[in-house]
Protein chains: 2
Amino acid sequence: MRATLIYGRGDVRVEDVPDPAIVEPTDAVVRVTRACVCGSDLHRYRGMDPVEEGLRIGHEFMGVVEDTGADVRGVKRGDVVLVPFLWADNTCEFCRDGLHGSCRNGGRWAVNGLDGGQGEAARVPQADGTLIRLPVGPDDALVPSIMALSDVLPTGHHAAFTAGVGKGSTVAVIGDGAVGLCAVLSAARLGAERIVLLGRHDARTDLGRRFGATDVVPARGAEAVAALRELTGGDGAPHVLECVGNGEAFETALGGVRDGGTISRVGVPQYAQARLDFDVFMRNITITGGVAPARQYIPELLSEVLDGTITPGDVFDLTVPLDDISEGFRAMNERTALKALVRP
Amino acid sequence: MRATLIYGRGDVRVEDVPDPAIVEPTDAVVRVTRACVCGSDLHRYRGMDPVEEGLRIGHEFMGVVEDTGADVRGVKRGDVVLVPFLWADNTCEFCRDGLHGSCRNGGRWAVNGLDGGQGEAARVPQADGTLIRLPVGPDDALVPSIMALSDVLPTGHHAAFTAGVGKGSTVAVIGDGAVGLCAVLSAARLGAERIVLLGRHDARTDLGRRFGATDVVPARGAEAVAALRELTGGDGAPHVLECVGNGEAFETALGGVRDGGTISRVGVPQYAQARLDFDVFMRNITITGGVAPARQYIPELLSEVLDGTITPGDVFDLTVPLDDISEGFRAMNERTALKALVRP
């Protein structure tokens, strides 16, 4: 089959790789009908040193079940399924706690010999725990919004949920990428009254307003902190959703959070250390968040996609065939596209 | 009056300073009947560069009201009062949120011209908000346990409370100083079932067991993490109370916390940056805690001291006269004393 490999900074290629096949009795093989390029894929696209053998990539996809192992009960050949960005058994005590990123029998895509999502097919471990059967066809009009459930919407929801956003909350969202916009949508969905979106790209922040942002701060760093504080009576926002993942965004979060407030980090951190000093201590700031248990949130979010309550698929503004996926990477990297859908 | 000043590493002196007097109509003047030396005082005792003019010090004390400003209503001359380690108006929106460390009209002792607690008397700003009237005399047998309410017990309680400790919780407490031991007591009081105390001083961990520790790990660093994980089925503790404040203790907390768990920091951080990397992110670890709103917790804890339910005063194992306070610093620094009470 054809699949995407990354060879270094700016170097994404589609090549022939071995076809996936059942290895464990809990596996399924899924023919991929849609995949996405993720903002976190761009970290490597921007910074990876060249490698001789390309690395598989991609973790957001949906498709049709082609084969199942002997122990698989929940899905069968021909089922249309959504695949979360982590695979998990959905039964261990961590999964039962809603912590699928720590599943005893789970893991990530495109590592340790596993397929990535950006290819024609994938072997799916723990198929019963991982896959969500969809009640629509693979080309349904709802597919873009369903694809947003693979990663970006559950990740945005994780930010809002773990930050304790609820009815009447005042929330700041740092970052106008797909995750930031989905965090806006999630905060609105959870009842936030005031949602300040920090982002500098009009097309994106316009979508943020449609998703529920009440204010937009088109600035970054100290200027953004000052504007956010001015919008919140000088004190900052009790809930800050950090949807970028770099050190500057974390520092903006510290500057913009109210004393006693919570910063939830859902941008994959591109730093090892961060400020947790006397000031953070005296202000009783809580740092939470992390990798989202998408599998946990998908059923609830899917029902709202199916009934049209939410349209997170609006984040997709580019569709490319698999062979042109490098165009999707390029456009997202240059910010001419917000998020790319891929058709194998 | 006589008061304690610190001039540098290991250099604590008792000298004559101006008598306190009412400045603001919301002030009281309190004659100090007991003070304490705090573990956090030792940070300067161990590391402060020499200064020409000594700095006032001390933030845990009780006493008798000698004078009150024109606007003070809640206390009057002759009242025996407990003084929390921060002063606050107890009425602003931060105080109403239980966040007295961020009070709009509050602050710390022994800074900006204010008296410290380790002297014969102190001007108390925001007297109505700050002071707690006591129903016992200044030499009552309960005084040591009452003095523990000025800082160490509310700080231990803050660790347990903000970490979400409740009925049946499994908790790890890092540090066998007075705050760590009070964190053990607090976790037990909140219903924790398993309390693992990390500490290497038998006399202290023995008191920890009396306060409710079910297990003691007499190790630090990687060895402590391994032992803690072994005691918790390999996964670590869902609630970790970090009661030391140095980088090693924070790293031990990261190593010993269960995925999805919470670290509450109540040791004043002696570091500016800490690890908040991809590992912490993937494990969904929450970092919370900070400076304790002692004023918020004191009424509830005081009632249990008065009825004999808890005896946090057991942490005091040395009493020194004010003129010999340097002996209290020395003994605590050398760990021959756990915590020193001071009699002016």
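Residues numbered from 1 in each chain as written. Chains lettered and ligands numbered in written order. Predicted model: local features only at pLDDT ≥ 70, side-chain atom pairs only at ≥ 80, totals over all residues. Heavy atoms only, no water.

Peer 1: Hey, could you run me through the relation of the copies chain B and chain A in this one?
Peer 2: For the pair of chain copies, the relating transformation is a rotation about an axis with a translation along it. In screw terms, the move from chain B to chain A is a rotation of 180° and a rise of 0.0 Å along the axis, fitting with an RMSD of 0.0 Å. Interpreted geometrically, this transformation is the action of a two-fold axis. Rotation axis and chain B: the residue whose C-alpha lies nearest the axis is B:Ile287, separated from it by 2.5 Å. Counting the interface residues of chain B, we find that 100% of their copies in chain A are interface residues as well, pointing to one common contact surface. (Least-squares fit on C-alpha atoms with pLDDT ≥ 70 in both. Contact = heavy atoms within 4.5 Å.)

Peer 1: How should I be thinking about the packing of helix α8 (residues 221-231) of chain B against helix α9 (residues 247-256) of chain B in this particular structure?
Peer 2: The description of two packed helices rests on the angle between their axes and on the distance between the axes. Residues and elements named next belong to chain B. Between α8 and α9, the shortest axis-to-axis distance is 9 Å and the interhelical angle comes to 30°. Of the possible angle classes, the one that applies to α8 and α9 is roughly parallel. Crossing of α8 over α9 shows right-handed handedness. Between α8, through Gly221, Ala224, Val225, Leu228 and Arg229, and α9, the contact on the second element is made entirely by Glu248, Thr252, Gly255 and Gly256. Here the residues of the contact of α8 with α9 are counted per class, giving three nonpolar, four polar and two charged. (Axes fitted to C-alpha atoms, helices over the stretch in contact; angles between N-to-C directions. Helix = DSSP H or I, 4+ residues; strand = E, 2+ residues; numbered from the N terminus. Parallel < 35°, antiparallel > 145°, perpendicular 65-115°, else oblique. Left-handed = near helix turned anticlockwise from the far one by under 90°. Nonpolar A, V, L, I, M, F, W, Y, C, P; charged D, E, K, R; others polar.)

Peer 1: Can you walk me through the environment of A:Ala172 in this structure?
Peer 2: Residue and element names in this part refer to chain A. Take Ala172: it is sitting in strand β11 (residues 170-174). When its relative accessible area of 0% is taken as the criterion, Ala172 is described as buried. With 70 residues separating them along the chain, Ala172 and Glu242 place their C-alpha atoms 8.4 Å apart. Residues contacting Ala172, with those up to four places away along its chain left out, are Val196, Leu228, Ala237, His239, Val240 and Leu241. (Buried < 20%, exposed > 50% of the residue type's maximum accessible area, 1.4 Å probe, protein only.)

Peer 1: What is the right way to look at the interface of chain B and chain A in this model?
Peer 2: Where interface size is given, it is often the accessible area lost as the parts come together that is meant. Each partner contributes to the interface: chain B provides 39 residues, whereas chain A provides 39 residues. The tally of links between chain B and chain A comes to four salt bridges. Here chain B is connected to chain A by 22 residue pairs in polar contact (both at pLDDT 80 or more). At the level of secondary structure, the elements contributing two or more residues to the side of chain B that touches chain A comprise α2 (93-96), β15 (257-265), β16 (273-275), α10 (278-282) and β17 (286-289) of chain B. Split into classes, the residues belonging to the side of chain B that touches chain A amount to 17 nonpolar, 11 polar and 11 charged. (Salt bridge = Lys/Arg side-chain N within 4 Å of Asp/Glu carboxyl O. Polar contact = N/O pair within 3.5 Å; in protein donor to acceptor, adjacent residues only side chain to side chain.)

Peer 1: So what exactly am I meant to see when it comes to the environment of B:Val80 here?
Peer 2: All names here are of chain B. Structurally, Val80 can be placed in strand β6 (residues 80-83). Remark: the alpha-carbon pair of Val80 and Pro135, spanning 55 residues in sequence, is separated by 7.6 Å. The contact partners of Val80, leaving out residues within four places of it in the chain, are Met62, Gly63, Val64, Ile132, Arg133, Leu134, Val136, Gly137 and Pro138.

Peer 1: Explanation requested: unusual backbone geometry in the structure shown.
Peer 2: Negative phi is the rule for most residues except glycine; trans is the rule for most peptide bonds. Residues and elements named next belong to chain B. Of note, the phi angle at Asn90 is positive, near 60°, even though the residue is not glycine. Tracing the backbone through its elements, the reader meets Asn90 in the loop between β7 (86-87) and α2. The exposure class assigned to Asn90 is partly exposed, which follows from its relative accessible area of 28%. Positive phi outside glycine occurs at Gln126, with the angle close to 50°. Tracing the sequence through the fold places Gln126 in the loop between β9 (121-124) and α3 (127-130).

Peer 1: Can you help me understand the domain arrangement of chain A in this one?
Peer 2: All names here are of chain A. Domain boundaries in chain A define domain 1 (2-151 + 293-343) and domain 2 (153-289). When each unit is reduced to the centre of its C-alpha atoms, the spacing between domain 1 and domain 2 is 26 Å. Listed as interface residues are 22 residues of domain 1 and, on the opposing side, 19 residues of domain 2. Summing the contributions of domain 1 and of domain 2, the shared interface buries around 1,800 Å²; its carbon and sulfur component is 66%. For the domain 1 face of the interface with domain 2, the top three residues by lost area are His43, Tyr297 and Leu338, together amounting to 32%. Where domain 1 touches domain 2, the interface holds two salt bridges. Glu300 is the partner of Arg189 in a salt bridge, and the nearest nitrogen-oxygen pair spans 2.7 Å. With six residues, the single largest contributor to the side of domain 1 that touches domain 2 is helix α11 (residues 294-306). Class assignment for the residues of the side of domain 1 that touches domain 2 results in 13 nonpolar, three polar and six charged. (Domains from an automatic or database assignment. Buried area = accessible area lost by both parts, 1.4 Å probe.)

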